[in-house]
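The primary structure of each chain is shown beneath.
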Amino acid sequence: MIQQDNALSAAMTEKNHRKRALPDESPLVMNRHEVSEAGHRLNSSQQTMWFRLRTFVAQLFVFMVTAGLSTYGIREMYLVLNTNNITNLQIVFLVLFSINFLWVAFAFSQALLGFLLHLKPRLVKESEIDPSFKTAILLPIYNEDPLRIRATIEAMSADLIATAPGKYAFFILSDTNRANAWIAEEATFLALINKYQPECPVYYRRRHQNSERKAGNIGDWVQRWGGDYEAMIVLDADSIMSAKSMVTLSRRLAAAPGVGLIQTLPTLVFANTLYSRLQQFANQCFGPIYAAGLSAWHGLSSNFWGHNAIIRTRAFAESCHLPILPGKAPFGGHVLSHDFIEAALLRRAGWGVRFDTDIEASFEEAPPSLLDVMIRDRRWCQGNLQHSAFMFARGFSLPTRLHLLSGVMSYLSAIFWLALIMVGLAIAVQAAFIRPEYFANPSLFPTWPVFDSERALSLFVVSMAIVLAPKAFGWFAAMINIPRCLRFGGPILLTLSTLFEMVMSALYAPILMVSQFGVVLSIFRGKDSGWMPQSRDDGALSWIPVMRAHLGHTVFGVVLALTAMLLSKELFYWLLPITIGLMLSIPLSWLSGGARRTKWIKTIGLLRAPEEKKPVHILVELKANLAKMTHLQHMHPFSRLVNNPQLFTWHLAQLPDLDEQKPLFYAPRIIAEWKLEHAESLSQLESWLEPAEVIALLSKADYLQKLQTIGK
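The notes below deal with the structure included here. Since this is a predicted model, take the numbers as computed values, not measurements. (Residues numbered from 1 in each chain as written. Predicted model: local features only at pLDDT ≥ 70, side-chain atom pairs only at ≥ 80, totals over all residues. Heavy atoms only, no water.)

Brief notes about the pattern of salt bridges
The condition is simple: Here, a salt bridge means any Lys or Arg side-chain nitrogen found within 4 Å of an Asp or Glu carboxyl oxygen. Helical segments are the DSSP runs of H or I of at least four residues, strand segments are the runs of E of at least two, and each set is numbered from the N terminus. Think of it in three bands: residues with accessible area under 20% of the maximum for their type are buried, residues over 50% are exposed, and the middle band is partly exposed, with areas taken using a 1.4 Å probe on protein chains only.
Applying the stated criterion across every chain yields a total of 24 salt bridges. In this structure, the salt-bridge partner of Arg 205 is Asp 220, at a minimum N-O distance of 3.1 Å. In this pair, Arg 205 is assigned in strand E3 (residues 202-206) and Asp 220 in helix H6 (residues 213-225), connecting sequence segments 15 residues apart. Exposure class is identical for Arg 205 and Asp 220. Each is buried. Note that Glu 501 is salt-bridged to Lys 471, the shortest N-O span being 3.0 Å. Remark: Lys 471 occurs in helix H15 (residues 453-480) and Glu 501 occurs in helix H17 (residues 491-524); sequence separation between them is 30 residues.

Observations regarding the nonpolar core
Our working rule: Only buried residues count toward a nonpolar core. Its members are Ala, Val, Leu, Ile, Met, Phe, Trp, Tyr and Cys residues joined through side-chain atoms within 4.5 Å. For this analysis, residues touch if any pair of their heavy atoms sits within 4.5 Å.
Grouped together as the largest cluster of nonpolar side chains are 76 residues, with contacts concentrated most on Ile 137, Tyr 168, Phe 170, Ile 233, Phe 638, Leu 685 and Leu 698. Among all residues touching Leu 698, those that are not within four sequence positions of it are Ala 179, Trp 182, Ile 183, Pro 637, Phe 638, Leu 641, His 651, Leu 655 and Leu 704. Leu 28, Leu 138, Ala 317 and Val 408 belong to the second largest nonpolar core, which has 52 residues in total.

Some words on a nonpolar patch on the surface
Short version of the rule: Patch definition: residues with relative accessible area over 30% and no salt bridge; like charges joined within 9 Å; nonpolar side chains (Val, Leu, Ile, Met, Phe, Trp, Tyr) joined within 5 Å. Calculation of accessible area relied on Shrake-Rupley with a 1.4 Å probe; when residues are assessed, cover is drawn exclusively from the protein chains displayed.
A contiguous nonpolar patch, built from Trp 50, Leu 53, Phe 56, Val 57, Leu 60, Phe 63, Met 64, Leu 123 and Val 124 and spanning about 960 Å² of accessible area, is present on the exposed surface. Here Phe 56 is to be found in helix H2 (residues 49-81).

Concerning the packing of helix H5 (residues 179-194) against helix H25 (residues 645-654)
Going by this rule: Axis definition: a line fit to C-alpha positions, over the contact stretch in the case of helices; interaxial angles, taken between N-to-C directions, run 0 to 180 degrees. These descriptions rest on fixed angle ranges, namely under 35 degrees for roughly parallel, over 145 for roughly antiparallel, 65 to 115 for roughly perpendicular, and the rest for oblique. Any residue outside Ala, Val, Leu, Ile, Met, Phe, Trp, Tyr, Cys, Pro, Asp, Glu, Lys and Arg is labelled polar, Gly included; the first ten of those are nonpolar and the last four are charged.
Between H5 and H25, whose axes approach to 10 Å, the crossing angle comes to 95°. Considered as vectors, H5 and H25 are oriented roughly perpendicular to each other. Contact residues: H5 offers Trp 182, Ile 183, Glu 186, Ala 187, Leu 190, Ile 193 and Asn 194, while H25 offers Gln 646, Leu 647, Trp 650, His 651 and Gln 654. Among the residues making up the contact of H5 with H25, the classes are represented as 7 nonpolar, 4 polar and 1 charged.

Details of the side chain of Asp 356
Tracing the backbone shows Asp 356 in the loop between strand E9 (352-355) and strand E10 (362-364). Not counting chain neighbours up to four residues away, the residues in contact with Asp 356 comprise Glu 126, Arg 252, Ile 262, Gln 263, Thr 264 and Leu 265.

Comments concerning the sheet that holds E10
Note the following rule: Strands are labelled as partners when DSSP assigns at least two bridges between them.
If you walk across this open sheet you meet the 3 strands as E5-E10-E7, and the pairing is mixed. In the strand order of this sheet, the two ends are held by strand E5 (240-241) and strand E7 (267-268), each with one partner. Two strands pair when backbone bridges link them, and E7 and E10 are joined in this way by 2 bridges, in the parallel orientation. Residue pairing in the sheet places Thr 267 in a bridge with Phe 363 of E10.

Here we look at helix H19 (residues 569-583)
An α-helical turn contains 3.6 residues, so any two residues separated by three or four positions project in the same direction. Spelled out, the test is: Given a helix with a known number of residues, its expected span is that number minus one, times 1.5 Å. The angle separating two fitted axes, one through the seven residues that finish at a residue and one through the seven that start at it, defines the bend at that residue.
With 15 residues, H19 ought to run about 21 Å at 1.5 Å a step, yet its terminal C-alpha atoms sit only 18 Å apart, falling short of that. In H19, a bend of some 65° at Leu 576 exceeds every other bend along the element, and Pro 577, a proline, comes one to four places later. Residues of H19 that are buried include every one of Leu 571, Phe 572, Leu 575, Thr 579, Gly 581 and Leu 582, and no others. Elements in contact with the buried residues of H19: helix H14 (398-433), H17, helix H18 (543-567) and helix H20 (585-592).

A closer look at a positive patch on the surface
Basically, it comes down to this: Under the convention used here, Asp and Glu are negative, Lys and Arg are positive, and both His and the chain ends fall outside the count. The location of each charge is read from NZ of Lys, CZ of Arg, CG of Asp or CD of Glu.
Taken together, the side chains of Arg 596, Lys 599, Lys 602 and Lys 623 present a region of like positive charge at the surface. Along the chain, Lys 623 falls in helix H23 (residues 617-628).

Topic: the pairing of E3
Our working definition: Here the term right-handed applies to a crossover when the path leading from its first strand over the helix to its second strand runs clockwise, the strands being oriented away from the viewer.
Burial runs high along E3: 5 of the 5 residues are buried. Burial of the side chains of E3 extends over both faces: Val 202, Tyr 204 and Arg 206 are buried on one face and Tyr 203 and Arg 205 on the other. Strand direction decides the pairing type here: strand E2 (residues 168-174) and E3, joined by 5 bridges, are parallel. Counterpart to Phe 171 in the pairing with E3 is Tyr 203. Where the polypeptide runs from E2 across H5 and back to E3, its parallel neighbour, the crossover connection is right-handed.

Quick word on the packing of aromatic side chains
Convention followed: Each Phe, Tyr or Trp ring (for Trp, its six-membered ring) is paired with any other whose centre lies within 6.5 Å, and the angle between the two planes then decides the class: stacked below 30 degrees, edge-to-face above 60, tilted in between.
What the rule picks out here adds up to 23 aromatic pairs. Centroid distance Phe 171 to Tyr 203: 4.9 Å. Interplanar angle 40°. Geometry classified as tilted. Within this pair, whereas Phe 171 is found in strand E2, its partner Tyr 203 is found in strand E3, the two being separated by 32 residues in sequence. Summarising the aromatic geometry, the rings of Trp 475 and Phe 476 are spaced 6.5 Å apart at their centres and angled 50° between planes, so their arrangement reads as tilted. Members of the aromatic cluster, each reached through a chain of ring pairs, are Phe 108, Phe 115, Phe 473, Trp 475 and Phe 476.

Some points on the sheet that holds E3
The 7 strands lie next to each other as E3-E2-E1-E4-E8-E6-E9, forming an open sheet whose pairing is mixed. The open sheet terminates on both sides in strands that have one partner only, identified here as E3 and E9. Averaged over all adjacent pairs, the angle separating strand axes in this sheet is 20°, with direction ignored. This element, H6, spans strand E1 (135-141), E2, E3 and strand E4 (231-234) of the sheet and lies at about 145° to E1.

Some points on unusual backbone geometry
Cis geometry is adopted by the peptide bond preceding Pro 330, which originates at Ala 329 and carries an omega value of 15°. The topology assignment puts Pro 330 in the loop between helix H10 (313-319) and helix H11 (338-348). At Phe 270, a residue that is not glycine, the phi angle is positive and equals roughly 60°. Tracing the backbone shows Phe 270 in the loop between E7 and helix H8 (274-285). Looking at Phe 270, the relative accessible area reads 26%, which means it is partly exposed. Residue Asn 308 is not a glycine yet carries a positive backbone phi of 55°.

Thoughts on the environment of Gly 526
Structurally, Gly 526 is set in the loop between H17 and H18. Taking the relative accessible area as the measure of exposure, Gly 526 reaches 40% and is therefore partly exposed. Gly 526 sits 304 residues away from Val 222 along the chain, and the two C-alpha atoms are 33 Å apart. If near-sequence neighbours (up to four positions away) are discounted, Gly 526 is found in contact with Ala 329 and Pro 330.

Comments concerning the environment of Leu 336
Among the structural elements, Leu 336 can be located in the loop between H10 and H11. Given a relative accessible area of 16%, Leu 336 falls into the buried group. Between the alpha carbons of Leu 336 and His 387 there is a distance of 9.5 Å; along the sequence they are 51 residues apart. In this structure, Leu 336 is in contact with Arg 213, Arg 379, Gln 382, Gly 383, Gln 386 and Ser 529, ignoring residues within four places of it in sequence.

Focus: the pairing of strand E6 (residues 259-263)
Remember that side chains alternate between the two faces of the sheet whenever the strand is regular. Extensive coverage of E6 is indicated by the burial of 5 of its 5 residues. Bridge count between E6 and E9: 4 bridges; the pairing is parallel. Bridge pairing in E9 links Val 259 to Gly 352. Taken together, the 3 bridges between E6 and strand E8 (residues 309-312) define a ladder with antiparallel strand orientation. Directly across from Gln 263, in E8, lies its bridge partner Ala 309.

This is the structure we're talking about:
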């Protein structure tokens, strides 16, 4: 066995410490919080009378429209069902309809508010002053493509050096736990970091124990370096922002000392598949309408989406060390969807949380296919359902509770919608096959399901109008803004794209509904989602995995359609908008991914987004940087290190100090140590080792020295 030479390792650590890709530490204390704690009022000096009045009017508007529409819809459905004597099954149907209609009305009221605000010019701009502080730009990554990260940083840092030199610094915060990805990161970032530019330095840190996932990754940075940076801009691996946008965020945070977080509205870009282009078009055409409404009624109690936002570092340190929920996963343990809760904790501590929708050039990318969205939903659903533990906890404001409810309902609504469909089908079966008991009760009339068909049709038309109105609002707002309309391809292409998006989203919606229904059930059965990296390719899959994923959806759609046909043709046509998407789920999912499969859509200009016609400078620079990148040759991480002495030395310098090492007993390390001792060549060792054992050897300086010896 290899003897542990702590003195040698300590000397190597001291020698390489100056090569660390990190600045000196400046720690901040983060005390963990409880689910229920006392709340604090917002700083009144941050809210002018006009701001408070504007927020109150917006909140009143949303409440009145939601209440008015809900009252109308629920009353009409009651009258539809109660033409004779309402049955127990119809009561269940009415309750489910009421929940769903209330939620749709709430979404409509926010979109209507945003539409009305969009029709008027923006009269009030947020205050800005030059910040006296430095801002850190954090890029948490987890088994991502390092070339994309490097290209992004190079584009943004060049922009920042030209715009605000000396005011920003990048921190690449890696939670990567795959050996190949880890060494590929170091090989890719080595030149970028060693290029050290004091006007905008780039630092790199990989955590060797990625506890609490992304929230823990950010928290680790705050506790080690947060003291030197009054603000931090948090990005995702696929995010990019212009220097102007980041400087605007810093200036606005400096001008609002009571605000702890400012969220931007990220724009989806670089979509090259059918599904991602549908999301991109909807985001750029309809998204600003929703966002304007949300921003108006949120006031200083808005939300955090986890990226493309600036946060006051000390406020985050004081407020946002997340509680650990009691019990086991999926409902207990660490909070997965940390962003909503971090915004809630900031607001509870008295810090304002703002949503500034007017900051442009804030971008991210969309999942490439339907299956990628379904996989992401599994993780998001578990995290959002965990929020139920906070909804009625002490200290949170009403808008915060509504944010948490929105997150929970974004997945529970699938349960309610599917239940509504199945109960409606059961009522139809009851009407068709169950003979009414005329003399069961002392009444002149039997108790059986009877509907007011004319009123039902009117209610259906109103319901569809409420659902589709936000898309119409987005279309109209783009049509009357001539420059923006032309960037969508002109009025004809904009109209065709809107109609096409409506049809395709209607086809995909029932597939997602049934998929989310299954996800919610699996979570209630106690299954944990785990933590998988997000797909960044074009999502192209062959027919076999697509069929495997959607066979159940197809069978369910066929059974539902046949059942409806057997009952009545009217019911069959009534359910067709749901069943057709399910029956076609396999080809629809196959078409959703793969850039080549729907290339014709981009060719004819359908679903064109403004950033495609005239991209901003930062996106042009990113694409140019990506085009210049040389892809790393596929190689085992040991061979990559041994064949590159500079990388080998730099890798040693990034390893943690001795007192940060794993405990003495760690099974993969013990086994890897034995294999390293007995291997006769590097290739033999590489073939022997399991993934965890490779990580163990890469994490110890003395093992690496031995590795270098057998590699020669």
